[in-house]
Amino acid sequence: MIYHARLIEAVYAALGFMVLLTIAAFFLSESGRVNNFPTYVVGILFIVLLVLDRSVVRHFDVPLMTGIVGLLVYLSVSALWADNGSFTAMLLQLGYSALIVSFVYSVLMLHMHYPAFSRFLIWFTVLAAVVSATYSVQLHYALPDYQPLLEDRLVALGRLHNPVIGALSYGMAIVMALYLMIRGGEHNDRFLSGCCVTALGIGVALTYTRSVWVGISIAVLYAIACYLPGSKARKVLAAGIFLMVIVSMIVAHFGWDELIKRSTSFRPEIWGELISRTLQTNWFLGHGITSNSSVAHSSYEHGVFSFHHAHSVYVATFFYGGILGLLGLCALLIILGQRLNLARGSELRDLTSMMLLYAVAVMFFDGDRLLEKVDYLWVVFWLPVALTLIVDQQRRYL
């Protein structure tokens, strides 16, 4: 019995290390193989823990688990009717689903075993993002030849392959750091988190990505509603001033000419093409998760452009999974929102709500497949999902 308990403790320790390594490798490692390796180990250790400690299963909320697993399994099975799909492709996608589920539920299990793990994970994610952003800014200015793009936009270190992915990933870390600054228990915590917000803000600004500020603004407005003392009128005034400041900063940073030139970056054209293509073929089940969602767009002013993905998680989910997949994603978001709304006594509720609101907003403007090996959506979407599981578990056992 003693050896069995020690074995479980060792597995939990290894699992916690591998979850943290997954986050660190995403922000700091250029190699996909390096980043993928800890996710495989997390999957194995997750299964081992389920075998060694079957009691943890009773903490899994059935509706939430059904929403998460159901959506991922459906998207995996959609590989069968994709243009280039096959049974082998479906099995591969099911493997990706298993990696995501093991990551999400490992965070929950680690919190149940180590109550301080969730707060440590939040700080760890913020600091990993800060190291990545700081070094990326240094490379951006110190080594101009490092810049792989024709545009003068920051390309971040790690798995942040382009300016938009870097901005959205750093943006989530900003939301987390803002919460830590607002709710910091000590002055040192607030000072450190304030420094993190500054460093990450510089990194985001240099990517010249606009959609990230929409997500951050929504998260900040939620924080104002929750934490600013005083009357409702005072909160509305503060929200208005904040929005005016954000708009002014965006205009000053980008300039009117650049904003008008970039306009909507062809988002409506991309979305319209993919939605039309889906409606004309298989609107109910979609094209399948492995189908090609590239769009070629031509205009008299800009010539021909090729876009390799949907630039919206919602449009992509409709394209790959049809109305069934889109409804599955919407249902999952509604369940997550309901669980957060009910958990008024949880200390993580407001942070998780800010993170999920940020995710819901930025996924409208960018992103592709929800079902992938570790990428930025693991930080932007699946990490808030994992924290929602923790919040719901705290609610049920308060």
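Up top is the structure these notes are about.
Keep in mind the model is a prediction, meaning the values are calculated, not measured.

J.: Please clarify how the packing of aromatic side chains should be interpreted in this entry.
T.: By convention here, two paired aromatic rings are described through the distance between centres and the angle between planes. For the structure shown, the criterion picks out 14 aromatic pairs. Aromatic side chains F364 and F365 sit 5.2 Å apart centroid to centroid with 80 degrees between the ring planes, which places their arrangement in the edge-to-face category. For F364, a relative accessible area of 40% corresponds to the partly exposed category. Note on F365: relative accessible area 28%, which makes it partly exposed. Among the aromatic residues, those joined into a cluster by ring pairs are W271, Y314, F364 and F365.

J.: How should the packing of helix α4 (residues 87-113) against helix α5 (residues 117-142) be read in this particular structure?
T.: A pair of packed helices is captured by two measures, namely the crossing angle of their axes and the spacing between those axes. With their axes 8 Å apart at the nearest point, α4 and α5 run at an angle of 125 degrees to one another. Classified by the angle their axes make, α4 and α5 are oblique. For the pair α4 and α5, contact is made by V107, L110 and H111 and by F117, S118 and L121, respectively. Grouping the constituent residues of the contact of α4 with α5 by class yields 4 nonpolar, 2 polar and no charged.

J.: Help me out: how do you make sense of the environment of A25 in this one?
T.: Within the fold, A25 resides in helix α1 (residues 2-28). Since its relative accessible area comes to 5%, A25 is described here as buried. Residues A25 and R119 lie 94 residues apart in sequence; the distance between their C-alpha atoms is 19 Å. Excluding its chain neighbours within four sequence positions, the residues that come into contact with A25 are V34, N35 and R159.

J.: Would you mind going over helix α12 (residues 313-342) with me for this structure?
T.: Each full turn of the α-helix corresponds to 3.6 residues, which orients residues three or four apart in the same direction. Between the first and last C-alpha of α12 there are merely 27 Å, a value that for 30 residues lags more than 12% behind the 44 Å anticipated at 1.5 Å per step. Taken as a whole, α12 carries its principal kink of about 130 degrees at G321.

J.: Explain the pattern of salt bridges to me, please; I cannot follow it from the model alone.
T.: The final tally for this structure, using the stated rule, is 9 salt bridges. Residues D189 and R119 are paired through a salt bridge, measuring 3.6 Å at the closest nitrogen-oxygen approach. Pair noted here: D189 is in helix α7 (residues 187-207) and R119 is in helix α5, with a separation of 70 residues, a long-range link. Relative accessible area serves as the criterion here: at 21%, D189 is assigned to the partly exposed category. Linking D392 and R339 is a salt bridge whose minimum nitrogen-to-oxygen distance equals 3.4 Å. Of this pair, D392 sits in helix α14 (residues 376-396) while R339 sits in helix α12, and the two are 53 residues apart along the sequence. A single network of salt bridges, built from pairs that share partners, joins D61, R339, D392 and R395.

J.: Is there a simple way to explain the packing of helix α13 (residues 349-365) against α14 in this structure?
T.: It is the contact of α13 with α14, at a shortest axis distance of 9 Å, that shows an interaxial angle of 145 degrees. Where α13 crosses over α14, the handedness of that crossing is left-handed. For the pair α13 and α14, the contacting residues are R349, T352, M355, L356, Y358, A359, V362 and M363 in the first and L377, V380, F381, L383, P384, L387, T388 and V391 in the second. Grouping the amino acids of the contact of α13 with α14 by side-chain chemistry returns 13 nonpolar, 2 polar and 1 charged.

Rules and cut-offs
Residues numbered from 1 in each chain as written. Predicted model: local features only at pLDDT ≥ 70, side-chain atom pairs only at ≥ 80, totals over all residues. Heavy atoms only, no water. Phe/Tyr/Trp six-rings, centres within 6.5 Å; stacked < 30°, edge-to-face > 60°. Buried < 20%, exposed > 50% of the residue type's maximum accessible area, 1.4 Å probe, protein only. Axes fitted to C-alpha atoms, helices over the stretch in contact; angles between N-to-C directions. Helix = DSSP H or I, 4+ residues; strand = E, 2+ residues; numbered from the N terminus. Parallel < 35°, antiparallel > 145°, perpendicular 65-115°, else oblique. Contact = heavy atoms within 4.5 Å. Nonpolar A, V, L, I, M, F, W, Y, C, P; charged D, E, K, R; others polar. Expected span 1.5 Å × (residues − 1). Bend = angle between axes of the 7 residues up to and from the residue. Salt bridge = Lys/Arg side-chain N within 4 Å of Asp/Glu carboxyl O. Left-handed = near helix turned anticlockwise from the far one by under 90°.

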